[in-house]
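Structural description and commentary
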Amino acid sequence: MNDNEMTVEREDGPTRGRYFIKLSPDAEAEMTFRKAENNTIVVDHTGVPPAFEGRGIAAKLVNKMIEDARHDGFKIKPVCSYVVAQFRRHPEWADLHA
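Here's a quick rundown of the structure. Remember, it's a predicted structure, so these values are computed and weren't measured experimentally.

1. A word on helix 1 (residues 57–72)
When the terminal C-alpha atoms of helix 1 are compared, their 23 Å separation across 16 residues agrees well with the 22 Å that a helix rising 1.5 Å per residue should span. For helix 1, the secondary structure elements touched by its buried residues are strand 1 (9–12), strand 2 (16–24), strand 3 (27–36), strand 4 (40–47), strand 5 (75–78) and helix 2 (81–89). The positive-phi residue at the C-terminal boundary of helix 1 is Gly-73, with phi of around 80°.

2. Quick look at the pairing of strand 4
The buried count for strand 4 comes to six of eight residues, which makes it a mostly enclosed element. In this sheet, strand 4 lies alongside strand 3 in antiparallel orientation, the contact comprising seven bridges. Within strand 4, the position partnered with Glu-30 by the bridge is Gly-47. Linking two consecutive strands that pair antiparallel, namely strand 3 and strand 4, is a turn of three residues; a positive phi of about 60° is found at Asn-38 within it. With four bridges connecting them, strand 4 and strand 5 associate as parallel partners. Along strand 5, the bridge assignment pairs Val-42 with Lys-77.

3. Examining the environment of His-45
Turning to its location among the elements, His-45 is positioned in strand 4. A relative accessible area of 38% places His-45 in the partly exposed class. Separated by 38 residues in the primary sequence, His-45 and Val-83 place their C-alpha atoms 8.5 Å from one another. Not counting chain neighbours up to four residues away, the residues in contact with His-45 comprise Glu-30, Met-31, Thr-32 and Cys-80.

Rules used in this analysis
Numbering of residues starts from 1 in every chain and runs along the sequence as written. Residue-level local features of this predicted model are given only where pLDDT is at least 70; pairs of side-chain atoms are given and counted only at 80 or more, and the full residue set underlies all totals for whole chains, interfaces and linings. Excluding hydrogens and water, the side-chain values take into account all heavy atoms of the structure. Counting from the N terminus, the helices are DSSP H or I runs at least four residues long and the strands are E runs at least two residues long. A helix's residues, less one, multiplied by 1.5 Å, set its expected span. Residue contacts are defined here by distance: any two heavy atoms, one from each residue, within 4.5 Å place the two residues in contact. When a residue's accessible area, from a 1.4 Å probe over protein chains only, is under 20% of the maximum for its type it is buried; when over 50% it is exposed; and in between it is partly exposed. Two strands form a pair only when DSSP identifies at least two bridges running between them.

Next comes the structure, spelled out in structure tokens:
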């Protein structure tokens, strides 16, 4: 799969959701979250299969979440260490931090 062909999808359930990219017939990258009060999501896990690491896939998941937060008006509470680190690297996201 070409990196430009990777599409980030979002699944929403009543209390949880996830962003994911289908990497192959049997591999997915995902970033999971739970829904909290005050229109906030708590991001608790980001995972990329080892064979696909180092290609910016986790960053694609986070960037889509940031895009959705700006569009849909929700806040993000990062608990996952990767997302915590990304918020530190991007002070321009401070307005989305819960």
